[in-house]
Amino acid sequence: MLQLNVKNETSRLRAVVLGSAVNNGPTPTAEEAYDPKSLEHILAGTYPVEADMVAEMEAFNQVFQKYDVKVFRPEMIENYNQIFTRDIGFVIDDVFIKANILPDRNRELDAIQYVIDQINPKKVVRPPEDVHIEGGDVMLWNDYIFIGTYKGSDYSSFITARTNMAGVKYIKELFPHKIVKEFDLVKSKLEARDNALHLDCCFQPVGKNKGIIYKSGFREEADYVYLVNLFGKENLFHITRDEMYHMNSNVFSIDENVVVSERNFTRLNNWLREQGFTVEEIPYAEIAKQEGLLRCSTLPLIRD
């Protein structure tokens, strides 16, 4: 049995589900794009090819091996994108929550059923159908659960709005002892530089008391101020609109002092090193073209 335990984003990682880019399928058509960034690359003819993405994910896998992390991979589904395991489920404390994802993506959950089968069934839950919540919007910080959402009345017309207020309410009821704070995110169907697809596209904690943040990703300045007050301005690395577009806040922590980052994130990686972090730099720029990066392609199961 897997004894699940995830209470924050940065404690020592012991077990994780890492997505897979094998047999990823043909380049989608413009109509099939789920987000503006993929659309941009489909139209420009720069959409990533499978071999490059497989190589990038293998580089990530090698870092996990180096730190002796148990890695599970989804079972292969032919011609299917299975990179972003963060969307399909997430762990809070010792509970595995299955996400109600976009209907087209339900098979991705089936591909990790062999992992779910190793968890105490009493600790696996699936929210009711009207509850939308994806792992990219759920950020754990010990006593806090931060959740990205979209409060606009046009929620249902945005394929980029992935977590609704019913999702926030569901988590509050499931974890009454936690401080659950939702953040209203800026969404765009057309301009990737103005679309915070998930909370981890504009904020993520690193270490014990630091974080990476993009101020303009929040619809309400009060939400941004909340995080500044909680973490302290001097502890937050502020990224630019262009750095947000390249997913600088979507790094992944293996430990409180070890961060896996994209090798082109020069400014961020230098800052992390100045703060005393070990930065494991890997190539991930091709996968980034699908508006997802390192955190998006992981589903942590056990942290110390």
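Residues numbered from 1 in each chain as written. Predicted model: local features only at pLDDT ≥ 70, side-chain atom pairs only at ≥ 80, totals over all residues. Heavy atoms only, no water.

Colleague: Describe in detail the overall build of the protein, supporting the description with residues and values.
Modeller: Of the regular secondary structure elements, the protein holds eight helices and 15 strands. Taken against the 2.2 N^0.38 rule, which gives 19 Å for 304 residues, the C-alpha radius of gyration of the protein at 18 Å falls within 12% of a compact globule. The principal-axis extents of the C-alpha atoms in the protein amount to approximately 45 × 45 × 45 Å. In the protein, once contacts between residues fewer than 6 apart in sequence are set aside, the share between residues at least 24 apart is 75%. Here the protein displays about 12300 Å² of accessible surface, and carbon together with sulfur accounts for 49% of that area. Looking at charge distribution, the protein has the averaged site of its 35 positive side-chain charges lying 4 Å from that of its 46 negative ones. (Helix = DSSP H or I, 4+ residues; strand = E, 2+ residues; numbered from the N terminus. Rg over C-alpha atoms; globule rule 2.2 N^0.38 Å. Contact = heavy atoms within 4.5 Å. Areas by Shrake-Rupley, 256 points an atom, 1.4 Å probe, with all protein chains shown as cover. Lys, Arg positive; Asp, Glu negative; His and termini not counted. Charge placed at Lys NZ, Arg CZ, Asp CG, Glu CD.)

Colleague: Describe empty space enclosed by the protein, with residues and values.
Modeller: Overall, the coordinates contain two cavities of 30 Å³ or more when judged by the stated rule. In this model, the largest cavity occupies a volume close to 80 Å³. Around the largest cavity, the lining residues are Val6, Asn8, Glu9, Arg86, Phe90, Val91, Ile92, Val138, Leu140, Arg295, Pro300 and Arg303. Those elements that place two or more of their residues in the lining of the largest cavity are β3 (89-92), β6 (138-141) and β15 (298-303). Counting residues per element, the lining of the largest cavity draws most heavily on β3, which supplies three residues. Here the lining of the largest cavity is built from residues that sort into seven nonpolar, one polar and four charged. (1 Å grid on protein atoms, 1.4 Å probe; cavity = no way out; pocket = protein on both sides within 12 Å on 5 of 7 lines; lining within 4 Å. Points joined across faces, edges and corners; volume = space filled by probe spheres on them. Nonpolar A, V, L, I, M, F, W, Y, C, P; charged D, E, K, R; others polar.)

Colleague: If you had to explain the side chain of threonine 298 to someone new, which residues and values would you point to?
Modeller: Turning to its location among the elements, threonine 298 is positioned in strand β15. At a separation of 2.8 Å, a polar atom in the side chain of threonine 298 contacts the main-chain carbonyl oxygen of arginine 295. Sequence-distant contacts of threonine 298, defined by excluding residues within four places in its chain, comprise Val16, Val17, Leu18, Phe60, Phe64, Thr85, Arg86 and Phe252. (Polar contact = N/O pair within 3.5 Å; in protein donor to acceptor, adjacent residues only side chain to side chain.)

Colleague: Describe the pattern of salt bridges, naming the residues involved and giving the relevant values.
Modeller: For the structure on display, the rule yields 18 salt bridges. For the salt bridge of aspartate 93 with lysine 178, the shortest nitrogen-to-oxygen distance reads 3.1 Å. One end of the pair, aspartate 93, is in the loop between β3 and β4 (95-98); the other, lysine 178, is in the loop between α5 (165-174) and β8 (179-184), with 85 residues separating them in the sequence. For the pair aspartate 93 and lysine 178, a shared accessibility class is recorded, and that class is buried. In this structure, the salt-bridge partner of glutamate 108 is arginine 105, at a minimum N-O distance of 2.6 Å. A single burial state applies to glutamate 108 and to arginine 105, both of which are buried. (Salt bridge = Lys/Arg side-chain N within 4 Å of Asp/Glu carboxyl O. Buried < 20%, exposed > 50% of the residue type's maximum accessible area, 1.4 Å probe, protein only.)

Colleague: For the pairing of strand β12 (residues 252-255), give the residues involved together with the corresponding values.
Modeller: The side chains of a regular strand alternate between both faces of the sheet. Summarising the sheet, β12 and strand β13 (residues 258-262) pair through three bridges and their orientation is antiparallel. The residue of β13 that forms the bridge with phenylalanine 252 is valine 260. Following β12, the chain reverses through two residues before pairing antiparallel with β13. (Pairing = 2+ DSSP bridges.)

Colleague: Got a sec to walk through the environment of alanine 21? Specific residues and values, please.
Modeller: Locating alanine 21 in the fold gives a position in the loop between β1 (13-18) and α1 (36-44). By relative accessible area, which is 2% here, alanine 21 ends up buried. Distance in space between the C-alpha atoms of alanine 21 and valine 54 is 5.2 Å, their sequence separation being 33 residues. Ignoring sequence-local partners within four residues, the contact set of alanine 21 consists of Glu50, Met53, Val54, Met57 and Ile83.

Colleague: With reference to specific residues and values, describe unusual backbone geometry.
Modeller: With a phi angle near 55°, asparagine 23 is a residue other than glycine that sits in the positive phi range. As for its placement among the helices and strands, asparagine 23 is situated in the loop between β1 and α1. Backbone geometry places aspartate 93, a non-glycine residue, at a positive phi of 55°.

Colleague: I'd like a description of helix α6 (residues 221-231), backed by residues and values.
Modeller: Residues of α6 that are buried: Asp223, Tyr224, Leu227, Val228 and Phe231. Buried residues along α6 cover an arc of 140° about the axis, so they all sit on one side. Away from the buried face of α6 by more than 90 degrees, exposed residues Glu221, Ala222 and Asn229 are located. Looking at the residues trailing α6, positive phi occurs at glycine 232, about 90°. (Arc of directions from axis to C-beta.)

Colleague: Now, about the sheet that holds β8: what can you tell me, with residues and values included?
Modeller: Think of a sheet as strands paired side by side through backbone hydrogen bonds, with each pair either parallel or antiparallel. Pairing is mixed across the open sheet formed by three strands, whose spatial order is β6-β7-β8. Lying at the two open borders of the sheet, with one neighbouring strand each, are β6 and β8. In this sheet, adjacent strand axes meet at a mean angle of 20° when their direction is disregarded. As judged from the four bridges shared by β6 and strand β7 (residues 144-149), these two strands associate in the antiparallel manner. Bridge pairing links leucine 140 to isoleucine 145 in β7. Along the sheet face, α5 touches β7 and β8 and points at about 170° away from the line of β8. Each of β6, β7 and β8 is contacted by α6, which is oriented at about 135° to β8, the strand it contacts most. (Axes fitted to C-alpha atoms, helices over the stretch in contact; angles between N-to-C directions.)

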